[in-house]
Amino acid sequence: MALFGNLGGLFTSDMAIDLGTANTLVYVKGRGVILSEPSVVAYHVKDGVKKVLAVGEDAKLMLGRTPGSIEAIRPMREGVIADFDTAEEMIKHFIRKVHKRSTFSKPKVIVCVPHGATPVEKRAIRSSVLAAGARRAGLIAEPIAAAIGAGMPITDPTGNMVVDIGGGTTEVAVLSLGDIVYARSVRVGGDRMDEAIISYLRRQQNLLIGEATSERIKTSIGTARMPDDGRGQSMQIRGRDLLNGVPKEIEISQAQVAEALAEPVQQICEAVMTALETTPPDLAADIVDRGVMLTGGGALLGDLDLALREQTGLAVSIADESLNCVALGTGKALEYEKLLRHAIDYES
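Residues numbered from 1 in each chain as written. Predicted model: local features only at pLDDT ≥ 70, side-chain atom pairs only at ≥ 80, totals over all residues. Heavy atoms only, no water.

As annotated in an unreviewed UniProt entry, the chain carries the name Cell shape-determining protein MreB and is attributed to Tritonibacter scottomollicae. You can read under Subunit (unreviewed entry) in the UniProt record for the chain the words "Forms polymers." Comment text from UniProt for the chain, heading Function (unreviewed entry), reads "Forms membrane-associated dynamic filaments that are essential for cell shape determination. Acts by regulating cell wall synthesis and cell elongation, and thus cell shape. A feedback loop between cell geometry and MreB localization may maintain elongated cell shape by targeting cell wall growth to regions of negative cell wall curvature." (UniProt positions renumbered as here; feature names shortened; annotations may be inferred.)

See below:
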């Protein structure tokens, strides 16, 4: 078996992991993105001992619907690890799910981290990945990965601007010559939008809804600017009436959602404006020429590109597979490691 252990490194499939606040994606070298599941872990707690019940899709269905003995946790908050043990279990589960056949191979793993992550947070991610059974763990900055995944020519000496709107953070970065010229991470993302919808309905309609419902509203009729007819589409939602405590159903329109999302959208726009203000003039000229690229799940919010275009006056485009951009980019960094050696950090 010792012989096999040494050989394990030869035919292991190296992987790239996009550890997101909302979803975790795994890219396997030579096979592409083969796993995309919510970053949720469900535990069964008995006499203080935690036992993992479900991870990913199955665990997400339990969020907000668990009895006292079961906890459903999202181990990632704002792009970094909030619950260390749970995160390790989750990474372990995903690596195992991808590596069905091999029990002895230890893959090399590259993980992306938000640009604003502190050294402590980076070390937490690295040690989780190593504890989950990786041979080596490299870290790559999320904006670089997003830009590579969106197919931007980041190794050229021209300015490229990428805005990656994830579940927990929005990363705004200007890249040139394969590295970051300016980057800023604001802690606004899909989660903040969900919270904004919840608190809006609580204030305006006296209706309390859960995270799952508010995410459904955001993905179905969410929009970043007022609809032209002042109302837009509408949908039926159910929640608890706060006045008399009984569940009830109401109708919510796109105009209301746009009003609820005004603040998070404004924060994203401001982050983009700040980035443009601090960009060196020659690179800013390139950005006027090329425009801004939106990636991440938040880029799918209706009319967000139009809202940004109105604010900045630049051409704003959405990446083709915006949900998978970061995972694809991290995967490409794995495939073309020699070219992007300076962007991947193996020691810290």
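A short note on the overall build of the chain
Along the chain, the regular secondary structure elements total eleven helices and 19 strands. The globule rule puts the C-alpha radius of gyration for 348 residues at 20 Å, and the 21 Å found for the chain is close to it. Each principal axis of the C-alpha atoms in the chain carries an extent, and together these give about 70 × 60 × 30 Å. Relative to its full complement of 348 residues, the chain shows a buried share of 52%. If you take every contact in the chain between residues at least 6 apart in sequence, the share linking residues at least 24 apart comes to 63%. Surface accessibility of the chain: about 16000 Å² in total, with carbon and sulfur atoms responsible for 51%. In the chain, the 38 positive side-chain charges and the 44 negative ones have mean positions that sit 8 Å from each other. (Helix = DSSP H or I, 4+ residues; strand = E, 2+ residues; numbered from the N terminus. Rg over C-alpha atoms; globule rule 2.2 N^0.38 Å. Buried < 20%, exposed > 50% of the residue type's maximum accessible area, 1.4 Å probe, protein only. Contact = heavy atoms within 4.5 Å. Areas by Shrake-Rupley, 256 points an atom, 1.4 Å probe, with all protein chains shown as cover. Lys, Arg positive; Asp, Glu negative; His and termini not counted. Charge placed at Lys NZ, Arg CZ, Asp CG, Glu CD.)

Thoughts on the sheet that holds strand E15 (residues 234-241)
On the basis of which strands lie adjacent, the open sheet formed by three strands has the order E14-E15-E16 and antiparallel pairing. Both outer strands of the open sheet, strand E14 (207-208) and strand E16 (247-253), are each paired with one neighbouring strand and no more. Judged from the two bridges that link them, E14 and E15 form a sheet pairing that is antiparallel. Directly across from Leu208, in E15, lies its bridge partner Arg240. Where helix H7 (residues 211-221) meets the sheet, it contacts E15 and E16, and its direction lies at approximately 170 degrees from that of E15. (Pairing = 2+ DSSP bridges. Axes fitted to C-alpha atoms, helices over the stretch in contact; angles between N-to-C directions.)

Quick word on the side chain of Ser176
Inspection of the secondary structure assignment puts Ser176 in strand E12 (residues 170-176). For Ser176, a relative accessible area of 12% puts it in the buried group. Ser176 has contacts with Ile154, Asp156, Pro157, Thr158, Val181 and Leu283, leaving out every residue within four places of it along the chain.

Examining the packing of helix H3 (residues 84-98) against helix H4 (residues 119-131)
Where H3 contacts H4, the two axes come as close as 8 Å, and the packing angle between them is 45 degrees. Considering their axes alone, H3 and H4 lie oblique with respect to each other. Crossing handedness for the pair H3 and H4: right-handed. Contact residues: H3 offers Phe84, Ala87, Glu88, Ile91 and Lys92, while H4 offers Ala124, Ser127, Ser128, Val129 and Ala131. (Parallel < 35°, antiparallel > 145°, perpendicular 65-115°, else oblique. Left-handed = near helix turned anticlockwise from the far one by under 90°.)

Section: the environment of Pro114
Checked against the element boundaries, Pro114 lands in the loop between strand E9 (108-113) and H4. As for Pro114 and Leu175, which are separated by 61 residues in sequence, their C-alpha atoms are 15 Å apart. Sequence-distant contacts of Pro114, defined by excluding residues within four places in its chain, comprise Glu78, Gly79, Val80, Glu142, Glu171 and Ser185.

Looking at the packing of aromatic side chains
Tallying each qualifying case throughout the model produces zero aromatic pairs. Sitting above the plane of the Tyr43 ring, Lys50 keeps its charged end 4.8 Å from the centroid. (Phe/Tyr/Trp six-rings, centres within 6.5 Å; stacked < 30°, edge-to-face > 60°. Lys NZ or Arg CZ within 6 Å of the ring centre and 35° of its normal.)

Quick look at the packing of helix H8 (residues 254-277) against helix H10 (residues 304-312)
Where H8 contacts H10, the axes come no closer than 10 Å and their chain directions differ by 45 degrees. Between H8 and H10, the crossing angle belongs to the class labelled oblique. You can see that H8 and H10 cross each other, and the crossing is right-handed. Residues Val265, Gln266, Cys269, Val272, Met273 and Leu276 of H8 form the contact with H10, whose participating residues are Leu304, Ala307, Leu308, Gln311 and Thr312.

Concerning the nonpolar core
Counting residues in each nonpolar core, the largest one holds 42 residues, and the members touching the most others are Leu201, Ile217 and Ile237. Ranked by the residues each element gives to this core, the list is headed by H8, at nine residues. Those residues in contact with Ile237 that sit more than four places away from it in its chain are Leu201, Leu207, Ile209, Thr213, Ile217, Lys248, Glu249, Ile250 and Ile252. Among the nonpolar cores identified, the runner-up in size contains 29 residues, and Val162, Cys325, Leu340 and Tyr346 belong to it. (Core = buried A, V, L, I, M, F, W, Y, C linked by side-chain atoms within 4.5 Å.)

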